[in-house]
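For reference, the chains in residue letters:
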Amino acid sequence: KQEVTQIPAALSVPEGENLVLNCSFTDSAIYNLQWFRQDPGKGLTSLLLIQSSQREQTSGRLNASLDKSSGRSTLYIAASQPGDSATYLCAVRSNYQLIWGAGTKLIIKP
Amino acid sequence: NAGVMQNPRHLVRRRGQEARLRCSPMKGHSHVYWYRQLPEEGLKFMVYLQKENIIDESGMPKERFSAEFPKEGPSILRIQQVVRGDSAAYFCASSPLQLGDNEQFFGPGTRLTVL
């Protein structure tokens, strides 16, 4: 049974710092992995999608990596800004379901 | 090309009433997925539907919940005799094909509050 874990559960850093969010999964047989952002009481914003054959994806200040063999993904955020404050969710696609981590709540202090 | 649409965005029901949540997939998408996010919890898969077919409802509670995706019109998630524990955000996603590498595109969600 696929399980997804995100560490840390919460993170608070000063503005301008680079940071890394971690996601691990127990079954390496995945189709893809996706990172989302969710603001309080809001919907889901897709940030990056990494197919199982890929190692990383980049979008602006965000870079996501995938190591299927070790069951890990990282989301790197460069030069963090207060507007980056949100909960970041990792989801892996096993078959047709997305299996979700519990999220990392990120606070960027001005 | 409009994204996935869900309505209503907010729904308030009293215990014992029925809740109907609607999801219109992106144009050209024939696969719909429903997920539920309970307060302070992660998202959980509920059901996967294709037009006129329920493919997998393994995540649906056994009672009071049902889903459909008719040939014409939106997908409907129906909750009968709602209880306070049904209060959650319900998200719908769609994809063009079942293939595993296809991205699922999400709607804005419906937030159900049961009084």
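Before going into details, it helps to say that this report is about the structure given with it. Note that the coordinates shown come from a computational prediction; the quantities given were computed from them, not determined experimentally. (Residues numbered from 1 in each chain as written. Chains lettered and ligands numbered in written order. Predicted model: local features only at pLDDT ≥ 70, side-chain atom pairs only at ≥ 80, totals over all residues. Heavy atoms only, no water.)

**Quick look at the sheet that holds strand 8 (residues 72-77) of chain A**
Residues and elements named next belong to chain A. Strand order across the open sheet formed by five strands is 1-3-8-7-6, with antiparallel pairing between neighbours. The open sheet has two free edges, formed respectively by strand 1 (4-7) and strand 6 (56-59), since each of these has just one partner strand. Each neighbouring strand pair of the sheet contributes to a mean axis angle of 15°, computed without reference to strand direction. Relative to strand 7 (residues 62-67), strand 6 runs antiparallel, the two sharing four bridges. Bridge assignment links Ser59 to a residue of strand 7, and that residue is Leu62. (Pairing = 2+ DSSP bridges. Helix = DSSP H or I, 4+ residues; strand = E, 2+ residues; numbered from the N terminus. Axes fitted to C-alpha atoms, helices over the stretch in contact; angles between N-to-C directions.)

**What to know about the state of the cysteines**
Per the stated rule, a full pass over the model turns up two disulfides over all chains. At a sulfur-sulfur separation of 1.9 Å, the disulfide partner of A:Cys23 is A:Cys90. Linking A:Cys23 and A:Cys90, the disulfide has an S-S dihedral of approximately -55° and is accordingly described as left-handed. On the criterion of sequence distance, the pair formed by A:Cys23 in strand 3 (residues 19-25) and A:Cys90 in strand 9 (residues 86-94) is long-range, its members being 67 residues apart. Considered together, A:Cys23 and A:Cys90 belong to a single accessibility category, that of buried residues. Residue pairing for B:Cys23: its cysteine sulfur links by disulfide to B:Cys92, the two sulfurs lying 1.7 Å apart. Torsion about the S-S bond of the B:Cys23 and B:Cys92 cystine: about -50°, corresponding to left-handed handedness. Taken as a pair, B:Cys23 in strand 3 (residues 19-24) and B:Cys92 in strand 9 (residues 88-95) lie far apart in primary sequence, 69 residues in all. (Disulfide = S-S within 2.5 Å. Buried < 20%, exposed > 50% of the residue type's maximum accessible area, 1.4 Å probe, protein only.)

By themselves these figures say nothing about function.
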